[in-house]
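Read off the chains here:
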There are 2 protein chains.
Amino acid sequence: MNELPLPGFAEVLAAAARIAPHATVTPVLRSRELDAMAGASLHFKAEHLQRGGAFKFRGACNAVWSLDAEQAGNGVVTHSSGNHGAALALAARSRGIPCHVVVPEGAVATKLANINRHGATLWRCAATQVAREAECARVQQETGATLVHPYADARVIAGQGTAALELMRQAGATLDVLVVPVGGGGLAAGTLLAVRQLLPDCDVVLAEPAGAADTARSLAAGERQLDFVPDTLCDGLRGALGWPNFALLQGNAQVITVDDADTVAAMRLIWQVMKQLVEPSSAIALAAVLARPERFAGRTVGVVLSGGNVDLDALPWG
Amino acid sequence: MNELPLPGFAEVLAAAARIAPHATVTPVLRSRELDAMAGASLHFKAEHLQRGGAFKFRGACNAVWSLDAEQAGNGVVTHSSGNHGAALALAARSRGIPCHVVVPEGAVATKLANINRHGATLWRCAATQVAREAECARVQQETGATLVHPYADARVIAGQGTAALELMRQAGATLDVLVVPVGGGGLAAGTLLAVRQLLPDCDVVLAEPAGAADTARSLAAGERQLDFVPDTLCDGLRGALGWPNFALLQGNAQVITVDDADTVAAMRLIWQVMKQLVEPSSAIALAAVLARPERFAGRTVGVVLSGGNVDLDALPWG
């Protein structure tokens, strides 16, 4: 992956044009009650209402429609604990090409069902990074499919940046700070590309689970820290920060680490007050805002609600 | 109640103007997947995003702002299993007047919390209609507060009609049929007033729980059938059809009765596919559509998602 050129703002703009016929322009939601709780003006980008139920469709769609006709014919392959897999399946279907998804054991049932429903071929493997990548390489070799990595991919990063691009246009106010969840760093890095160009004074804050805080450690150390075993119910944020993602984020973003208990409380709040079904990996962004009132009070804050694929039979409370 | 004049379309228009400074113009939501399942074009009016989490704010707000200054000073009182109580509390607060809510035992915890949070005084009573009305009369006598009945009230009916008014304007297509849940009949009767005037060819279909199907029986019999004990998890639809509601609906609406199991299935669908947190009393409208494909196929269908106040610790599955 290290040889790929890093994407820039031009790639985010190109992605926006490329995915426009396929992706939903998701709304920006407001809540008087949550504004009052945070003491801030919160603008929620509703990516749980994106096709496939998560922002992941943006990057997947950009990658699929970036392929030339010959590449496209052989299809695409990825490994994903869920949302990226479903997104790539949907994106491949929008172009009428095959899609293979390698899924680790332990993935959320709803997300598996989504991948299936969208017509991809599922391949199961053990829940380690090594097993995922080995199985992915095998499928790639057998089918000639192009790998679309969930986050360490310039096309994916550029695609994810389009959510922030839209949010800045839609908010109707100049954002002082934009908060996004961080796992592998696709959304984080893409957001950074969009924000740095359009709103250079806007802070980019990454919300990361305390149980998978490799981004916080990596940015602090100045190099990627890959020696960790994720322990968080934010199933979308267990991946290790990618190389291009690290390269783009380094020196440009701050991280707030959040305990799962605070994420669950924020998730209940979003469900009860906003009536929006978001997953823990989304709610963590609001949890970060509520955990640091001094950091956000009085400011205009963008919050990306990244996805809403929740297993309704295994809710994190009660 | 029988002496009150019945509201008409003019009262719905007046209500729309009266509540405009306070109520939210809720969005109309679409879903490709649900359209495909229903074989119809579904336009969901998102009243779970209304203030207080239900359409009930419309009627309560219209009633509160209809009072003259002297009446208003003595406050308002109602009995409600939940959403109307919270709505009246919010409406009273918007005018700065006292609000008393009589709540029967067994009401949903989230709804009680909402009433409290919005600053009303709570009075508990037994879960019978007689006990509710007796306690309500007592509070009325002690305080001089004006009774705002949850549904058998011309001001409330006119207010509830504003949801359909907005939906018809927003849908961007001529509705062939509009489906709303029916309990006491406030939303149903108000909807009818709006639809009959603006889209006389549009059918009004009422979705009613099989375990509280007094509206179906009342309309069939030509007089109100009040001898029933509600047995449904649609906690917002357990009330008996009101007198003015019956008078307005008689001969003008069709009823589809729905089993709770179908309502729960529809509720899961709305949660998973639309990522919208609606309560059973809302989901019943989609359940009615899915239960009768021959009735709705190929048509442009309005569906009012009436509310989203769910007890997250007591979900009807798993």
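It should be emphasised that the depicted structure is a prediction, and the values quoted were computed from it without experimental measurement.

Student: Before we go on, may I ask you to explain the side chain of A:His43 in this structure?
Tutor: Residue and element names in this part refer to chain A. Positionally, His43 belongs in strand E2 (residues 41-46). Classification of His43 by relative accessible area gives buried; the value is 3%. Beyond its immediate stretch of four places on either side in the chain, His43 contacts Val28, Leu29, Arg30, Leu167, Ala171, Ala173, Leu175, Thr300, Val301, Gly302 and Val303.

Student: Sorry if this is basic, but what is going on with the packing of aromatic side chains here?
Tutor: To describe a pair of aromatic rings, you give the distance between the ring centres and the angle between the ring planes. Overall, the coordinates contain 3 aromatic pairs over all chains when judged by the stated rule. Between A:Trp271 and B:Trp271 the ring centres are 5.6 Å apart and the planes differ by 85°, which places this aromatic pair in the edge-to-face class. Here A:Trp271 is found in helix H12 (residues 260-274), whereas its partner B:Trp271 is found in helix H12 (residues 260-274) on a different chain. B:Trp271 carries the same exposure label as A:Trp271, and that label is buried. Judged by centre distance (5.2 Å) and plane angle (85°), the ring pair of B:Trp271 and B:Trp317 falls under edge-to-face. Highlighted residues: B:Trp271 in helix H12 and B:Trp317 in the segment after strand E10 (300-305), separated in sequence by 46 residues. Accessibility expressed as a relative area gives 13% for B:Trp317, which makes it buried. Among the aromatic residues, those joined into a ring-pair cluster are A:Trp271, A:Trp317, B:Trp271 and B:Trp317. Here the basic side chain of B:Arg138 rests over the ring of B:Trp123, its NZ or CZ set 5.1 Å away from the ring centre. Sitting over the ring of B:Phe296, B:Arg295 keeps its end group 5.6 Å from the ring centre.

Student: Please clarify how the relation of the copies chain A and chain B should be interpreted in this entry.
Tutor: Each of the two copies of the chain can be brought onto the other by a rotation about an axis and a shift along it. Superposition of chain A onto chain B requires a rotation of 180° combined with a translation of 0.0 Å along the rotation axis, giving an RMSD of 0.0 Å. Such a combination of turn and shift is consistent with a two-fold rotation axis. By C-alpha distance to the rotation axis, the residue of chain A lying nearest is A:Gln276, at 2.6 Å. An overlap of 100% is found between the interface residues of chain A and their copies at the interface of chain B, pointing to a shared contact surface.

Student: Got a minute to help me understand the side chain of A:Thr215 in this structure?
Tutor: Residue and element names in this part refer to chain A. Relative to the helices and strands, Thr215 is located in helix H10 (residues 214-221). Residue classification places Thr215 among the buried residues on the basis of a relative accessible area of 0%. With residues up to four places along the chain from it excluded, the contact list for Thr215 reads Val182, Gly183, Leu206, Glu208, Leu241 and Val255.

Student: Just to check I follow, could you spell out the sheet that holds strand E4 (residues 99-104) of chain B for this structure?
Tutor: The strands that make up a sheet pair up through hydrogen bonds in the backbone, lying either parallel or antiparallel. Residues and elements named next belong to chain B. Taken in spatial order, the 4 strands make up an open sheet running E5-E4-E3-E6, and their pairing is parallel. What marks the edges here is a single partner per strand, and that holds for strand E5 (121-125) and strand E6 (146-147). For strand E3 (residues 76-79) and E4, the ladder comprises 4 bridges, and the chain directions are parallel. Considered in E4, the bridge of Val77 is made with His100. Helix H7 (residues 129-143) rests against E3, E4, E5 and E6 of the sheet, and its axis sits at about 170° to E3.

Parameters and conventions
Residues numbered from 1 in each chain as written. Chains lettered and ligands numbered in written order. Predicted model: local features only at pLDDT ≥ 70, side-chain atom pairs only at ≥ 80, totals over all residues. Heavy atoms only, no water. Helix = DSSP H or I, 4+ residues; strand = E, 2+ residues; numbered from the N terminus. Buried < 20%, exposed > 50% of the residue type's maximum accessible area, 1.4 Å probe, protein only. Contact = heavy atoms within 4.5 Å. Phe/Tyr/Trp six-rings, centres within 6.5 Å; stacked < 30°, edge-to-face > 60°. Lys NZ or Arg CZ within 6 Å of the ring centre and 35° of its normal. Least-squares fit on C-alpha atoms with pLDDT ≥ 70 in both. Pairing = 2+ DSSP bridges. Axes fitted to C-alpha atoms, helices over the stretch in contact; angles between N-to-C directions.

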